[in-house]
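If you want the building blocks of each chain, they are given just below.
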Amino acid sequence: MDGDLGARAVSDPRPARSLPLALLVAARPKQWVKNLLVFAAPGAAGVVDRSAAFAEASGAFACFCLAAAGTYYLNDAADVEADRRHPTKRFRPIASGEIPLPLARVLGVLLILGSVALGLAIEPHLAVVLACYVTLTTTYSLWLKHIAVVDVVAVAAGFVLRAIGGAAAVDVPISNWFFIVATFGSLFMVVGKRRAEVGEMGDDAPATRRSLSAYSPTFLAELQTVSTAVVLVGYCLWAFEKAELAEASMPWFQLSIVPFGLAILRYALLVDSGHGGAPEDVVLQDRTLQVLGAIWAVLFVAGVYTS
């Protein structure tokens, strides 16, 4: 429906937003919290407290925010018809007609190109990771999201590329166990999101996302069980590896296994209760998860900086 771009495409009871505000909403700044993953590898390596490393990681964060915003513009422009049939996505600025489709597409391309250019200025390897991320997200929007299983793996890969991007920007190595934890931790959250979508939409799910018709609650539960098991075992082995290398007098890394495991199980419980549709909301609204996350961070940071 590229015709009547100026009209409100969907009946929205809320007052129309100004164009600048609509552009900001469409960029989904709340989702940018996911880009904090760029600090994971530098933090685990114990270099994020150095000014140069922190500046490089912050630059990587900005790059992924630009790339994500551009991707959201292009994705929402491509999904405009499906979003208009969704009970909540129909109020997104592009689906509701507040942002013209041509403008969304042009801004999407410019933001993506800008992110890669900024990454190149920071570190050439970061630009390569960003190019891979943009290629993945674009391919996902056009094709991969319609293929069951491949869609969840593609989304999880986007999280992993953020972690790799942070390592590339600061030039720190990535542990094999870190990579496994990041991979299956991401898959764990993405599968939880799919479970919530299937439960929320019911029989109408395929109308908003074609691949949802292939997922049964049983299969998604099994996939989440597998990812939960691997991320827990992977983190335990990573913690033991770091403890062996650190040779600290206190078992900080081993102790961090407890809050990490509890947080994973708590999140799984919330997903099973139907609260996994927006992972960022689950984390920001559940006090128990926040406390467990804070305890884990204290123990892990103590292990990194006291050894």
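Provided above is the structure to which this section pertains.
What comes next is a walk through the structure. (Residues numbered from 1 in each chain as written. Predicted model: local features only at pLDDT ≥ 70, side-chain atom pairs only at ≥ 80, totals over all residues. Heavy atoms only, no water.)

Moving on: the overall build of the chain. In terms of helices and strands, the chain carries 13 helices and zero strands. Counting the 307 residues in the chain, one finds 46% classified as buried. Taking as baseline every contact in the chain between residues at least 6 positions apart, the subset at least 24 positions apart corresponds to 74%. For the chain, the computed accessible surface area is about 14,500 Å², with 68% contributed by carbon and sulfur atoms. (Helix = DSSP H or I, 4+ residues; strand = E, 2+ residues; numbered from the N terminus. Buried < 20%, exposed > 50% of the residue type's maximum accessible area, 1.4 Å probe, protein only. Contact = heavy atoms within 4.5 Å. Areas by Shrake-Rupley, 256 points an atom, 1.4 Å probe, with all protein chains shown as cover.)

On the surface, a cluster of nonpolar side chains totalling about 230 Å² of accessible area is made up of L21, L24 and V25. Tracing the backbone through its elements, the reader meets V25 in helix α1 (residues 19-26). (Patch = residues over 30% accessible without salt bridge, like charges linked within 9 Å, V, L, I, M, F, W, Y side chains within 5 Å. Salt bridge = Lys/Arg side-chain N within 4 Å of Asp/Glu carboxyl O.)

Before going further, it helps to spend a moment on the packing of aromatic side chains. For any pair of aromatic rings, geometry is given as the distance between the ring centres together with the angle between the planes. Following the criterion strictly, the structure yields 10 aromatic pairs and no others. Look at Y235 and W238: their rings are 5.8 Å apart centre to centre, the planes differ by 85°, and that puts the pair in the edge-to-face class. Of the two residues, Y235 and W238 both sit in helix α10 (residues 217-246), three residues apart, roughly one turn of that helix. Here Y235 and W238 have matching classes, each one buried. (Phe/Tyr/Trp six-rings, centres within 6.5 Å; stacked < 30°, edge-to-face > 60°.)

Here S175 is to be found in the loop between α7 (150-170) and α8 (176-201). For S175, a relative accessible area of 22% translates into the label partly exposed. It is 8.9 Å that separates the C-alpha atoms of S175 and A41, two residues lying 134 residues apart in sequence. Those residues in contact with S175, other than ones at most four positions away along the chain, are W238 and E241. At 2.9 Å, the side chain of S175 forms a polar contact with the side chain of E241. (Polar contact = N/O pair within 3.5 Å; in protein donor to acceptor, adjacent residues only side chain to side chain.)

Turning to the pattern of salt bridges, a few remarks are in order. This model, assessed by the stated rule, comprises eight salt bridges. A salt bridge links E81 to R84; its shortest N-O distance comes to 3.3 Å. Using a relative accessible area of 16% as the deciding quantity, one classes R84 as buried. Among the ionic pairs, R266 bridges to D286, the shortest N-O distance being 2.8 Å. Of this pair, R266 sits in helix α11 (residues 252-272) while D286 sits in the loop between α12 (279-285) and α13 (287-305), and the two are 20 residues apart along the sequence. Salt bridges linked by common partners bring R28, D76 and R92 together as one network.

Moving on, we get to unusual backbone geometry. With phi around 50°, R28 is a residue other than glycine that occupies positive phi space. Of note, R28 is situated in the loop between α1 and α2 (40-45). Overall, R28 belongs to the buried group, its relative accessible area being 16%. Residue D171 is not a glycine yet carries a positive backbone phi of 65°. With respect to the secondary-structure elements, D171 resides in the loop between α7 and α8.

In this section: the side chain of D151. The residue D151 is located in helix α7 in this model. We classify D151 as buried; its relative accessible area is 0%. Excluding anything up to four places from it in sequence, D151 contacts Y140, L144, K145, R194, S211 and Y215.

Generally speaking, nonpolar side chains in soluble globular proteins are found buried as a group. Counting residues in hydrophobic clusters, the biggest one holds 52 residues, and the most contacted among them are F64, L126, Y133, V170, Y235, W238 and F300. For this core, the secondary-structure elements that each account for two or more residues are α2, α3 (51-78), α6 (124-142), α7, α8, α10, α11 and α13. Examining the composition of this core, we find that nine residues originate from one element, α11, more than from any other. Residues within four places of F300 in sequence aside, it is in contact with A44, Y235, W238, K242, F253 and S256. Formed by 12 residues, the second largest nonpolar core is a distinct cluster that contains A27, A69, Y73 and V80. (Core = buried A, V, L, I, M, F, W, Y, C linked by side-chain atoms within 4.5 Å.)

Mapped onto the elements, D79 comes out in the loop between α3 and α4 (80-83). Looking at D79, its side chain comes within polar contact range of the side chain of K145, at 2.2 Å.

What follows is about α10. For α10, with 30 residues, the first-to-last C-alpha span of 43 Å sits near the 44 Å given by 1.5 Å per residue. Within the sequence span of α10, burial applies to L220, L223, Q224, S227, T228, V231, G234, Y235, W238, A239, K242 and A243. Phi turns positive one or two residues past the end of α10, at E247, with a value near 55°. (Expected span 1.5 Å × (residues − 1).)

To continue, consider the packing of α3 against α6. Two numbers describe how α3 lies on α6: the axes approach to 10 Å, and their chain directions differ by 20°. Looking at the two axes, α3 sits roughly parallel to α6. At the point where α3 passes α6, the crossing takes the right-handed sense. Of the residues in α6, those touching α3 at A60, C63, F64, A67, A68, T71 and N75 are L126, V129, L130, Y133, V134, T137 and S141. Among the residues making up the contact of α3 with α6, the classes are represented as 10 nonpolar, four polar and no charged. (Axes fitted to C-alpha atoms, helices over the stretch in contact; angles between N-to-C directions. Parallel < 35°, antiparallel > 145°, perpendicular 65-115°, else oblique. Left-handed = near helix turned anticlockwise from the far one by under 90°. Nonpolar A, V, L, I, M, F, W, Y, C, P; charged D, E, K, R; others polar.)

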